[in-house]
Amino acid sequence: MSPALSKHDPSKKWSGPTRPYDLIKEAVIAIVIVGILAGGLAAVFSSPDEPALTLKSWALTDPADFVQTATSELAGTSGTAGYGAPYNTASDGQVLGPLKLQKWAGVRIPINTAKDFVVKPLTILPDAAVQTAVNAWNVGSADEQTKWATSYGDALAKSPKALSLPDTNNSYGPVPTMITYLLGMAINGALDGALTTSDTPLPTDFTKPMLFIADSGTYFPDYAAARHLHGDQWGVMNETGSWPGQSWLWLFSFFYQVEPFKSSENADTWVMGLLGVLSVALIFLPFIPFIRRIPYKIPVHRIIWRNWYRRKQD
Amino acid sequence: MTKSKMWTVRVREATVEKFEPTDILPDHQPAYVTSWIYVAGVATIAAFVSLFITGLVLTLEGPAWWHNSSVGHYFNSVHLWSVELFFVFMVVHLWGKFWMAAWRGKRMMTWITGVVCFLASIITGFTGYLIQGNFDSQWIATQAKDGFNAMGIGAYFNPLNTGQAMLIHVALLPLVLGGLIGWHVILVRRHGVVPPIEAGGAE
């Protein structure tokens, strides 16, 4: 029967046959059953709780990676140092065609990696040697600072397991001393405290320590890769262990697995933008000409309302 | 009949007087409402109730409780599985309504509020994952920041700011989501359950 042969205006109150229905009873039964189901699943499968990583755990587990990353923070070559908005102006960040969306709101969470992650924490140490090194860093020109940290970083890259290197050519300035003391701070846990309390004594914002850990070359990304959490491992929807995670983000995760997004430098912008467009399309789906006709063309409703149609036939 | 100038009268006419008592708390449904697909809607609300209750317990005990207490861990687990069930039921409900073309008969806003509920639920679930205080939340936050920053949103919503995510998840979004679900249910009660396509024919 075509829609044109309608017998009832769907915008009008239903005047056809009805059946008894106890709304409150159904709601109570649903709440009880779903509660038992959730409680049972929780009892059987529990939930994941892998302890958080810290600068201390990083420094203890992979001190060489910590030393190299800290040096890159000083040299301005780390991921955060070159990130762009909202942390700094080092780059344009991701773009969507001609639109530099990442820059539009400006630097609202200012981060100077050398100052915030290394120099400032070291100033709280009551040690003459490190304060001398910090003073030497502070009085150095920007070019000198970059040259010291870059030279030391290059040397560490050639000795990837080294925690400290001798300055045989007198080209690293105060950097080896600063990095060695920073490693010490990290190992005894003081750096975690210094970075979380740098803006307020009662911290709820972990931006600085997390950006520092996320700059890690191996420790943080390898830890996540071993738990199948990387973007190319469908990590957007996964969580640690075998729990289902945010499975409802499957489409979001899917786009990161396919070209052209997979290899794009602006993948986040494209995927976020695409999901935004699809979300708006879903909201206004009843107004989209072809899509709104699909339920009529593919009659799944014949299954949903099969009792009604059978009754009408009889 | 002239319209009253009193705001109270106008609000009453636009809200309460639009409903019969049997619209709000019906004891009969149209005869076509017999499919199991209809259970998905009420099951979604039931999962939301479970989420609200377990979330309230977790809120009252504080964010660190569930890491150090087996009872707390159990409540966190029930909260997690309630989320999973919530989304399963909601997606089944959404697909069911799509195949019913349930926007017919002045039910556009019912569809729209339902989809907005779905999208708000995704944000609510995401902020919940951010505030777990474990490695999952750390990794999700560091990865998600790139998506938000890429769109310029990260300047205002920073996933690495746990306090911000916690307040949004615990205080703001339950209000928004609860309000949206309430609005959606009122619209369902106001317009009734959409009739079968041939029975209700026209869009």
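This is a predicted model, so every value here is computed, not measured.

A common measure of how large an interface is: the accessible area buried when the components associate. Residue and element names in this part refer to chain A. You can read the domains of chain A as domain 1 (19-48), domain 2 (55-224) and domain 3 (227-283). Of note, the centres of domain 2 and domain 3, computed from C-alpha atoms alone, are 30 Å apart. Listed per partner, the contact involves nine residues of domain 2 and eleven residues of domain 3. Approximately 810 Å² of surface area, both sides summed, lies buried where domain 2 meets domain 3, with 48% of it carried by carbon and sulfur atoms. Linking domain 2 with domain 3 are zero salt bridges, by the criterion used here. Here domain 2 and domain 3 share eight residue pairs in polar contact (both at pLDDT 80 or more) between them. Residues of the side of domain 2 that touches domain 3, tallied by class, amount to six nonpolar, three polar and no charged.

Once that is clear, we can look at empty space enclosed by the protein. It is a probe the size of a water molecule, rolled over the atoms, that shows where empty space is left. Overall, the coordinates contain one cavity of 30 Å³ or more when judged by the stated rule. The space that makes up the largest cavity amounts to roughly 30 Å³.

Before going further, it helps to spend a moment on unusual backbone geometry. All names here are of chain A. Of note, the amide linkage connecting Ala 85 to Pro 86 takes the cis form, showing an omega dihedral of 5 degrees. By secondary structure assignment, the location of Pro 86 is in the loop between helix 3 (63-75) and helix 4 (113-122). Cis geometry marks the peptide bond from Glu 259 to Pro 260; its omega dihedral reads 5 degrees. Tracing the backbone shows Pro 260 in the loop between helix 11 (250-255) and helix 12 (267-283).

Counting residues at the interface gives 94 residues for chain B and 99 residues for chain A. For the pair chain B and chain A, the two sides together bury roughly 8,600 Å², of which 67% comes from carbon and sulfur. Of the charged contacts in the structure, one is a salt bridge between Lys 13 of chain A and Asp 23 of chain B, with a shortest N-O distance of 3.2 Å. Counting every contact that joins chain B to chain A gives 32 residue pairs in polar contact (both at pLDDT 80 or more). When residues in the side of chain B that touches chain A are grouped by element, the largest group, 17 residues, is from helix 5 (residues 70-99) of chain B. Of the residues in the side of chain B that touches chain A, the class split is 54 nonpolar, 28 polar and twelve charged. Bridge count for strand 1 (residues 18-20) of chain A against strand 1 (residues 28-30) of chain B is three bridges, and the pairing is antiparallel. From the neighbouring strand, Pro 20 of chain A faces strand 1 of chain B, where its bridge partner is His 28 of chain B.

Residues and elements named next belong to chain A. When the terminal C-alpha atoms of helix 5 (residues 128-139) are compared, their 16 Å separation across twelve residues agrees well with the 16 Å that a helix rising 1.5 Å per residue should span. Contacts from the buried residues of helix 5 go to helix 3, helix 4, helix 6 (142-158) and helix 7 (175-187). N-cap assignment for helix 5: the residue whose side-chain oxygen lies 2.8 Å from the backbone N of Ala 129 is Asp 127.

Take a positive patch on the surface next. All names here are of chain B. Judged by side-chain charge, Lys 3, Lys 5, Arg 10, Lys 18, Lys 106 and Arg 190 come together as a positively charged surface patch. Turning to its location among the elements, Lys 18 is positioned in the loop between helix 1 (7-14) and helix 2 (21-24). With relative accessibility at 41%, the residue Lys 18 sits in the partly exposed group.

A cluster of nonpolar side chains, Ile 24, Val 28, Val 32 and Ile 36 of chain A together with Ile 24 and Leu 25 of chain B, forms an exposed patch at the surface whose accessible area comes to about 570 Å². Ranked by residue count, the leading element in the nonpolar patch is helix 1 (residues 23-45) of chain A, at four residues. Turning to its location among the elements, Val 32 of chain A is positioned in helix 1. Overall, Val 32 of chain A belongs to the partly exposed group, its relative accessible area being 45%.

Before going further, it helps to examine the pattern of salt bridges. Using the criterion set out here, one finds seven salt bridges over all chains in the structure. Salt bridges linked by common partners bring Asp 92, Lys 100 and Lys 103 of chain A together as one network.

Quick notes on the rules
- Residues numbered from 1 in each chain as written.
- Chains lettered and ligands numbered in written order.
- Predicted model: local features only at pLDDT ≥ 70, side-chain atom pairs only at ≥ 80, totals over all residues.
- Heavy atoms only, no water.
- Domains from an automatic or database assignment.
- Contact = heavy atoms within 4.5 Å.
- Buried area = accessible area lost by both parts, 1.4 Å probe.
- Salt bridge = Lys/Arg side-chain N within 4 Å of Asp/Glu carboxyl O.
- Polar contact = N/O pair within 3.5 Å; in protein donor to acceptor, adjacent residues only side chain to side chain.
- Nonpolar A, V, L, I, M, F, W, Y, C, P; charged D, E, K, R; others polar.
- 1 Å grid on protein atoms, 1.4 Å probe; cavity = no way out; pocket = protein on both sides within 12 Å on 5 of 7 lines; lining within 4 Å.
- Points joined across faces, edges and corners; volume = space filled by probe spheres on them.
- Helix = DSSP H or I, 4+ residues; strand = E, 2+ residues; numbered from the N terminus.
- Pairing = 2+ DSSP bridges.
- Expected span 1.5 Å × (residues − 1).
- Patch = residues over 30% accessible without salt bridge, like charges linked within 9 Å, V, L, I, M, F, W, Y side chains within 5 Å.
- Areas by Shrake-Rupley, 256 points an atom, 1.4 Å probe, with all protein chains shown as cover.
- Lys, Arg positive; Asp, Glu negative; His and termini not counted.
- Charge placed at Lys NZ, Arg CZ, Asp CG, Glu CD.
- Buried < 20%, exposed > 50% of the residue type's maximum accessible area, 1.4 Å probe, protein only.

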